[in-house]
Each structure stands twice: as C-alpha cells, then as structure tokens.
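# Examination of the molecular architecture
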Amino acid sequence: MLDTIYDWAKFNFECGNYKGATEYLDLFRSVAPTNHAKQRPARWGKAAGEILLQEWDTALADLNQLKADIDNSVDRVPITESLNDRAWLIHWSLYVFFNHPKGKDLIVDWCMGGPDYLNAIQTLCPHILRYLVVAILTNRRRRHVIKDVIEIIKQEAPNYKDPVTEFVISLFVEYDFDKSQKQLKECEIVLENDFFLVGCVNDFIDSARQYIFETYCRIHSRISIPVLAETLHLNADEAEKWIANVIRNARLDAKIDAAKGEVLMGIPALSSYQMLIEKTKTLALRTQQMVNQVDKRVGGRTTAGYQEVV
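Residues numbered from 1 in each chain as written. Predicted model: local features only at pLDDT ≥ 70, side-chain atom pairs only at ≥ 80, totals over all residues. Heavy atoms only, no water.

Moving on: the overall build of the protein. Per the secondary structure count, the protein includes 16 helices and three strands. Long-range pairs, those at least 24 residues apart, make up 63% of the contacts in the protein with a sequence separation of at least 6. Element-wise, carbon and sulfur atoms account for 53% of the exposed surface of the protein, whose accessible area totals about 16,500 Å². (Helix = DSSP H or I, 4+ residues; strand = E, 2+ residues; numbered from the N terminus. Contact = heavy atoms within 4.5 Å. Areas by Shrake-Rupley, 256 points an atom, 1.4 Å probe, with all protein chains shown as cover.)

Below, the structure is given as structure tokens:
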C-alpha cells in the first residue's frame with residue numbers, strides 16, 4: 001500500500017500535477033514509518049514540487065527538514081555521501097534563497113554558520129561562492145562576514161573564479177578601483193544571464209557602488225567628486241546626491257564641500273581593543289580552511305567527477 005501511494009505520487013509529479021504529487025507524498029510521509037527507505041526521497045520530491053509551485057515557505061520548511069536529516073545521519077554514512085547530499089541541498093535551495101523574503105539571510109547562515117556546508121562548497125561546488133557573495137553584498141545586515149568570505153575566495157581562487165569573486169578581490173584585497181569597475185561591468189552581464197541572480201542585478205550594482213565609495217573613502221582623506229563620478233559612471237549632480245545618501249546611510253565620518261567639489265573624510269581613531277579583535281576574529285575560519293587543505297592533500301578529491309548543476 002505504501003509503495004502504491006509513493007508510486008502514484010511519482011506518477012503525478014512526472015505528469016506535471018505537482019500539487020497532487022506533494023499531497024500524496026505528504027500522505028506517504030505521514031503513514032510510513034520514520035525509518036522507511038523512501039522517507040527521504042519523498043521529502044526531496046515534496047520539496048521539488050513545492051519549488052515548482054513556488055510555495056516558498058513550505059519548500060523552505062522541507063529543505064530545513066532535509067538539512068536536519070542529512071546532518072543527523074552524518075555518523076551513519078560515508079563522508080563522500082554526506083558531502084554530495086549537502087552539495088545537492090545547497091543547489092536545490094538556491095530556488096528558495098533567491099525568492100523567499102529571508103532567503104539572503106538563510107544562504108549566509110547555512111554556508112557561513114559552520115564548517116560542514118562550507119566544506120561541501122569548497123570540495124565539490126566552489127561556484128556557489130558567486131551566490132554567497134551576491135547575498136552578502138546586497139544584504140547590509142551581513143556585511144560583517146565579508147572578510148570571512150574574502151579569505152575563502154582567496155583560498156579557492158586556483159579552483160574557481162568569476163567576475164563576481166574577482167570583483168571582491170580587486171576591491172577589498174587589491175584596492176584596484178579601475179579593475180573593480182571593469183569587473184563590475186562584467187558582473188552585470190553575468191547576473192543578467194544567471195537564472196537565480198537576474199532579479200538581483202540592480203541591488204547588486206547599487207551595493208557594489210556603495211562598497212567602492214566606502215572603500216575609496218577609507219583610504220583617501222580628500223576626494224574629488226568629478227573623479228568619483230567618473231569612477232561610478234554618474235554625472236556630477238547625480239554623484240553628489242548619491243554620495244550624500246551613502247554618507248548618511250553608512251554613517252561615514254565625511255562631509256561634502258560643494259564649493260570645491262570635494263568629499264572631506266575624517267580620520268577615525270582605532271582603539272587597541274578593536275585592533276586586537278580585527279586580528280583574531282578570523283582565526284577559527286582560517287584554522288578550518290587549513291584543515292580542509294590538509295584533507296584535500298592527504299585524501300585527494302574523491303568526487304572529482306561531480307558536475308555543476310547550476
């Protein structure tokens with residue numbers, strides 16, 4: 001009887017009746033024993049149906065349950081299977097992350113909340129870094145993890161790079177503003193052609209410009225508005241209004257001298273306590289990265305045949 005319900009749900013799914021499929025899979029999961037071999041496939045199927053129906057809240061609930069199932073079974077399955085399960089879960093979750101109102105927070109929580117999913121990304125799917133970077137740069141509440149993700153991008157540079165990750169390196173590591181502007185143009189093209197990120201283009205470009213301005217301000221004491229306008233591809237009047245908004249929103253210690261057409265920056269004092277925190281807060285992440293590198297060198301990439309599915 002249970003197999004009949006499962007097979008009927010699968011048949012409905014293959015016929016495009018996703019609503020009926022999710023209902024039958026829900027019925028199957030409610031009556032089947034928790035240790036039934038098809039419990040997890042039924043959860044995957046139900047999540048897939050809800051994604052296709054664009055029912056983001058229920059899809060997120062099922063993906064969270066899948067995440068819990070995968071995390072709880074880590075001691076009972078080979079590590080390569082756990083890595084594959086987590087990699088597939090991250091890919092499926094992109095549909096929810098970039099459609100759910102809280103999705104950009106969730107992708108950061110999943111990927112940066114611990115070593116497990118970060119390890120899966122670095123080992124099997126470093127291209128997920130593009131989506132993680134976009135979620136961080138377009139979400140001001142998550143700007144505190146930028147330094148952590150920069151370290152990951154630098155570590156994975158030999159294995160993966162694209163205009164989005166290159167933009168991060170050129171701006172936050174190399175402080176090459178001309179290069180970052182060129183990369184930003186390429187980012188716009190990449191995002192416009194990315195199924196998941198096409199809706200983030202305007203937010204990303206606006207946020208990237210703000211980060212360029214803030215970074216530029218922190219290493220210069222006096223900035224010419226016309227020069228900055230050219231860097232940001234804005235005319236002088238638009239640039240002055242845009243700069244005023246950024247100074248206000250980012251609470252920068254700066255003021256605009258309209259007569260001279262300049263932005264004057266204050267010089268904030270950094271306490272010894274703040275300097276110590278800046279030096280030590282990434283130690284845990286770097287330690288995990290070293291462990292990952294040792295694992296790769298000792299064991300090799302056992303799943304090198306894994307293919308990108310995005």
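On to the sheet that holds strand 1 (residues 222-224). Ordered by their spatial adjacency, three strands build an open sheet running 1-3-2, and the pairing between neighbours is antiparallel. Because the sheet does not close on itself, it has two edges, and the strands there are strand 1 and strand 2 (254-257). Each strand of the sheet is rotated relative to its neighbour by a mean of 20 degrees, with strand direction disregarded. Relative to strand 3 (residues 262-265), strand 1 is paired through three bridges, and the arrangement is antiparallel. Directly across from I223, in strand 3, lies its bridge partner V263. (Pairing = 2+ DSSP bridges. Axes fitted to C-alpha atoms, helices over the stretch in contact; angles between N-to-C directions.)

Attention shifts here to unusual backbone geometry. With phi around 60 degrees, Q54 is a residue other than glycine that occupies positive phi space. Position of Q54 among the secondary structure elements: in the loop between helix 3 (39-52) and helix 4 (56-72). The exposed category is assigned to Q54, whose relative accessible area is 56%. The phi angle at Y175 is positive, at roughly 55 degrees, despite the residue not being glycine. (Buried < 20%, exposed > 50% of the residue type's maximum accessible area, 1.4 Å probe, protein only.)

Turning to the packing of helix 8 (residues 128-137) against helix 10 (residues 163-173), a few remarks are in order. Helix packing geometry: the angle between the two helix axes and the distance between the axes. Following both chains from N to C, one finds helix 8 and helix 10 inclined at 55 degrees, their axes separated by 8 Å at the closest point. Considering their axes alone, helix 8 and helix 10 lie oblique with respect to each other. Judged by residue contacts, L129, R130, V133, V134 and L137 of helix 8 engage V164, T165, F167, V168 and F172 from helix 10. Its residues assigned to classes, the contact of helix 8 with helix 10 shows eight nonpolar, one polar and one charged. (Parallel < 35°, antiparallel > 145°, perpendicular 65-115°, else oblique. Nonpolar A, V, L, I, M, F, W, Y, C, P; charged D, E, K, R; others polar.)

Okay, the packing of helix 1 (residues 2-14) against helix 2 (residues 18-31) next. At a minimum axis distance of 8 Å, the contact between helix 1 and helix 2 shows a crossing angle of 160 degrees. Considering the angle they form, helix 1 stands roughly antiparallel to helix 2. Our pair here, helix 1 against helix 2, has a crossing hand that is left-handed. Contact residues: helix 1 offers L2, I5, Y6, W8, A9, N12 and F13, while helix 2 offers Y18, A21, Y24, L25, L27, F28 and V31. Residue classes in the contact of helix 1 with helix 2 are distributed as 13 nonpolar, one polar and no charged. (Left-handed = near helix turned anticlockwise from the far one by under 90°.)

What follows covers the packing of aromatic side chains. Under the counting rule described, the total for this entry stands at 14 aromatic pairs. Aromatic side chains F172 and Y211 sit 5.7 Å apart centroid to centroid with 75 degrees between the ring planes, which places their arrangement in the edge-to-face category. With F172 in helix 10 and Y211 in helix 12 (residues 201-218), the pair connects residues that are 39 residues apart, well separated along the chain. The burial state of F172 is the same as that of Y211; both residues are buried. Grouping aromatic residues by their ring pairs yields a cluster made of Y95, F98, Y131, F195 and F196. The ring of W110 carries the charged tip of K67 above its face, separated from the ring centre by 5.7 Å. (Phe/Tyr/Trp six-rings, centres within 6.5 Å; stacked < 30°, edge-to-face > 60°. Lys NZ or Arg CZ within 6 Å of the ring centre and 35° of its normal.)

Bringing the confidence of the model for the protein into the picture now. Residues of the protein with pLDDT of at least 70 account for 86%, and the chain-wide mean is 84. Per-residue pLDDT, averaged within each element of the protein, yields its smallest value for helix 15 (residues 272-280) (61) and its largest for helix 8 (95). This stretch, residues 301-310, has a pLDDT under 50; its non-local contacts, to residues over four places away or in other chains, come to 22 contacts. (pLDDT = per-residue confidence, 0-100.)

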